Amino acid sequence: MKTSELKELIQIFNEAGLSKLAIKNQAEEITLEKQITIAKQLPSAAESTKPVQPASKAVSENQLVVKAPFIGTFYAAPQPQAQPFVQVGDQVKKGQQLGIIEAMKMMNEIKAPAAGRIVELQAANGTAVEYDQPLFLIQK
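**Q** Looking at this structure, how should I read the nonpolar core?
**A** As a rule of thumb, soluble globular proteins bury nonpolar side chains together. Counting residues in each nonpolar core, the largest one holds 24 residues, and the members touching the most others are Phe74, Leu98, Ile101, Leu135 and Phe136. Considering every element that reaches this core, the biggest residue donor is helix H1 (residues 3-16), with four residues.

Here is the structure:
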């Protein structure tokens, strides 16, 4: 199965709200399963690991929010001691790598959908992110 097909399958799995999905054919077998974690059972504990964000923040039309395409662990750098891919104030090009989300032991690049300047980082390195969670704010 191609990476793009797996990403699409994970997205559909998450959007459908399923807890388990098993697919098997002659050549491959894939099982997706969500496990309930303590952090999900205790919202106050989960909130303590997330960066503080305003409850309702207006985004102007010349700003773009880059959101997580699926759940996983967000990494701002290619390796633990390496410099982050981008920092606040950096100019980025369309398609430039901004970060990584690890899902099911696969490293998935998060790329800039448009050129601009990074004005806000909304996810901390090494934290769990949810589907559609804001990660970056780009000024076009």
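Anyway, onward from the coordinates.
**Q** Looking at this structure, I do not really get the pairing of strand E6 (residues 97-103). What am I missing?
**A** Regular strands place side chains that alternate from one sheet face to the opposite one. A large share of E6 lies buried, amounting to seven of its seven residues. One ladder, built from three bridges, connects strand E4 (residues 72-75) with E6; its direction is antiparallel. Bridge pairing in E6 links Phe74 to Ile101. The pairing of E6 with strand E7 (residues 106-111) spans six bridges and is antiparallel. Of the residues in E7, the one forming a bridge with Ile101 is Asn108. Count of turn residues in the E6/E7 antiparallel hairpin: two residues, of which Met104 carries a positive phi of about 55°.

**Q** Would you mind going over the side chain of Glu120 with me for this structure?
**A** Along the chain, Glu120 falls in strand E8 (residues 116-121). Under the relative-accessibility criterion, Glu120 is labelled buried at 19%. Of note is the side chain of Glu120, whose polar atom sits 3.1 Å from the side chain of Gln122.

**Q** Help me understand the environment of Glu28 in this model?
**A** Relative to the assigned elements, Glu28 resides in the loop between strand E1 (20-24) and strand E2 (29-33). Owing to a relative accessible area of 30%, Glu28 belongs among the partly exposed residues under this scheme. When the C-alpha positions of Glu28 and Met1 are compared, they lie 7.8 Å apart, and in sequence the two are 27 residues distant.

Each value, and the rule that gives it
- Within any chain, residue numbers begin from 1 and follow the written order of that chain's sequence.
- Per-residue local features are limited, in this predicted model, to residues with pLDDT of at least 70; the limit for side-chain atom pairs, both in listing and counting, is 80 or more; totals at the level of whole chains, interfaces and linings are taken over all residues.
- Side-chain numbers here rest on the full set of heavy atoms in the structure, without hydrogens or water.
- Nine residue types can take part in a nonpolar core, namely buried Ala, Val, Leu, Ile, Met, Phe, Trp, Tyr and Cys, and a core is a set of them joined through side-chain atoms within 4.5 Å.
- Classification of residues uses two cut-offs on accessible area relative to the type maximum, computed with a 1.4 Å probe and protein chains only: under 20% is buried, over 50% is exposed, and between them is partly exposed.
- Secondary structure is summarised from DSSP: a helix means a run of H or I of at least four residues, a strand means a run of E of at least two, and numbering begins at the N terminus for each.
- Strand pairing is assigned whenever DSSP detects at least two bridges linking the two strands.
- Think of a polar contact as two N or O atoms within 3.5 Å of one another; within protein, one of them needs to be a possible hydrogen donor and the other a possible acceptor, and neighboring residues in sequence only count if both atoms come from side chains.

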